[in-house]
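# Overview (structure and organization)
Spelled out from the first residue to the last, the chains are:
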Amino acid sequence: MSADNSTRGFTVLKPGILSLITDLGRFGHHRIGLTSGGPVDPTAFRWANRLLGNDENASLLEASIGGLSLEAQLDTAIVVTGATVALKINGLDAEMWRCHAIKAGDKIDLGFASEGCRSYLAVAGGFKVDAEFGSSTTVVRESIGGLNGDKLSAGDLLPCDARASHPLSVLPEESRPTYAKEINLKVIPGYQQHYFSRFQQRQFFSSEYEVSDRCDRMGYRLTGAEIKPSVDGILSEGICLGAIQVPADGQPIVLLNDRQTIGGYPKIGSMVSLDVARLGQCMPGAKINFEPVTIDHAHNDLCLAESYFQRTNVVSL
Amino acid sequence: MNIHVAGENALIIYFGEKTEPKISAQVQQAVDLLSLTLKHHLIDLVPSYASLLVVFNPLLCDHLAVRKMIREALQAISLENDRLSEGKVIELPVYYSLESGPDLAIISERTGLSVDDIIAIHQQGEYLVYAIGFAPGFAYLGEVDERIASPRLATPRMKVPRGAVGIADRQTAVYPAVSPGGWNLIGLCPERMFNPDAEPTMPVQVGDRVKFKAVSREQFLALGGTLEGEIA
């Protein structure tokens, strides 16, 4: 990133709990151990870019839990989607899921999330951050992507282009996603079912679990009925998004975007991606139930969700 | 060869059930073949000891189509081990000592071998790179002589320094960056195992072989190694 004096954008006044620059993710580099990263909630991410007419993969900010505060150095437009936060522009309430024109000197504040956990703040044209291994997504554990591989800090400059005027739009309220604290999540039962007795499998699908404090972009550790696999470990193998590992303590871990690429715990199944995003929008204490589905069912859901996204119109302002 | 659904957008192919050079060679052949044939359907590949995870784009194809493509592509897989000889042999310098490898004493106590014996046995092996994962540039090497195989620490360390050479069961590895870790530390390697700004980013890849060579404290420092990274 050329940090010469001509670079303009947004200044970070307060970074919030965990705010990261991200695009859709880093793919094709699992072979050297790089994880995929990317937005925990790709749907909210995509809406943000779409509302501004950005490239689908434009870099924006994922703010976990909120508390982010920025100051604009130029004229542009922004939108905030995802987890519900009190959005203020120059201290005045502003609507989420709606683009807002911004003037140099404007101050943007995101409060703390009241529903959901991750909000997405996009700017017209996206933030101009160099890609590393093909992506701008920040993986703090790997020190790769974003600004120097790290989460935002106060004083950081987020470069972007100035836009004198930019077409603005809004997503109608009835089309916006909602974020619940008690959810059913779909799981494709795994090919490692034989490590779990019938009773253990039934226990897993009929018990309520709670999101524990140990939840982050790498994985969500749940607490609830113990599931005992018949082995402590397996020969290490590749792990996909949503894989549900069960370590020796019997408490399942759902693996998210920043998961390690290979691991050796037995897996009871794999959560469908739409529901991994819903889980990733949960805070500790959220209540979870699992529902078994076939991969064909999962594929159908995914195609319908994509079709819904493509066919839902945004309204020009 | 068995193919299973691993998730909504992933299939996993098993070539066997254990750590064996022959199986690893098949995994590598499959990586090459599938990189060529799956084209835009492919999102990522994760080769490991005896398996290959194939991540595909579920909006372009379903698991049945990918399964078919995999079966067709892998017909060309050769069971002859010509692939095994293709990997490079890389020699990595290691400063073995109680100062740089605090767990040498524990291994010595448990096995009855002297520290010098453990160091000698670790250098005798030529280790195959079976997998890369856990962290960027972390190469799983196998297998160490059974005499020095060591179970993971009961309580993992919060901080293992960059370059630490460790043993876990019959695997050995060099930590590419400071990280938590539960492997038994026996020395320090001055070479960078992962450098995002270099090309290639790693000195080794899966299928290569690694030999370790003892160097003195002076040589280690001259090669750019540092002893400042505290082991916590």
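This text goes with the structure placed above it.
So, here is what we can say about the structure in this document.

About the criteria used
Residues numbered from 1 in each chain as written. Chains lettered and ligands numbered in written order. Predicted model: local features only at pLDDT ≥ 70, side-chain atom pairs only at ≥ 80, totals over all residues. Helix = DSSP H or I, 4+ residues; strand = E, 2+ residues; numbered from the N terminus. Rg over C-alpha atoms; globule rule 2.2 N^0.38 Å. Buried ≥ 20, exposed ≤ 12 C-beta atoms within 10 Å, placed from the backbone. Contact = placed C-beta atoms within 7 Å. Expected span 1.5 Å × (residues − 1). Arc of directions from axis to C-beta. Pairing = 2+ DSSP bridges. Axes fitted to C-alpha atoms, helices over the stretch in contact; angles between N-to-C directions.

What chain B contains, in helices and strands, is five helices and 13 strands. Taken over the C-alpha trace, chain B has a radius of gyration of 19 Å; the compact-globule value for 232 residues is 17 Å, and the two agree within 12%. Considering only C-alpha atoms, chain B reaches an extent of 55 × 35 × 35 Å along its principal axes. Looking at chain B as a whole, 43% of its 232 residues qualify as buried. Long-range pairs, those at least 24 residues apart, make up 63% of the contacts in chain B between residues at least 6 apart in sequence.

Turning our attention to the overall build of chain A. The helix and strand inventory of chain A stands at four helices and 22 strands. Relative to the compact-globule value of 20 Å for 317 residues, chain A shows a C-alpha radius of gyration of 20 Å, a close match. C-alpha atoms of chain A, sized along the principal axes, occupy 65 × 40 × 30 Å. Partitioning the contacts of chain A with sequence separation of at least 6, the portion at a separation of at least 24 is 79%.

To continue, consider helix H2 (residues 63–74) of chain B. Residues and elements named next belong to chain B. With twelve residues, H2 extends 16 Å between its outermost C-alpha atoms, agreeing within 8% with the 16 Å of an ideal straight helix rising 1.5 Å per residue. Of the residues making up H2, those classed as buried are His63, Val66 and Ile70. Looking straight down H2, one finds its buried side chains confined to an arc of 60°; they lie on one side. With respect to the buried face of H2, the exposed residues turned more than 90 degrees away are Leu64, Ala65, Lys68, Arg71 and Glu72.

This next bit is on the sheet that holds strand E2 (residues 18–22) of chain A. Residue and element names in this part refer to chain A. Pairing is antiparallel across the open sheet formed by five strands, whose spatial order is E2-E3-E10-E5-E8. The open sheet terminates on both sides in strands that have one partner only, identified here as E2 and strand E8 (100–102). Neighbouring strand axes in the sheet, compared pairwise and without regard to direction, differ in orientation by 25° on average. In terms of strand pairing, strand E5 (residues 76–84) meets E8 through three bridges, oriented antiparallel. For Thr76, the partnering residue across the bridge sits in E8 and is Ile102.

Looking now at the sheet that holds strand E1 (residues 9–15) of chain A. All names here are of chain A. Taken in spatial order, the six strands make up an open sheet running E7-E6-E9-E4-E1-E11, and their pairing is antiparallel. Lying at the two open borders of the sheet, with one neighbouring strand each, are strand E7 (92–94) and strand E11 (157–159). If you compare each strand with its neighbour and ignore which way they point, the axes differ by 30° on average.

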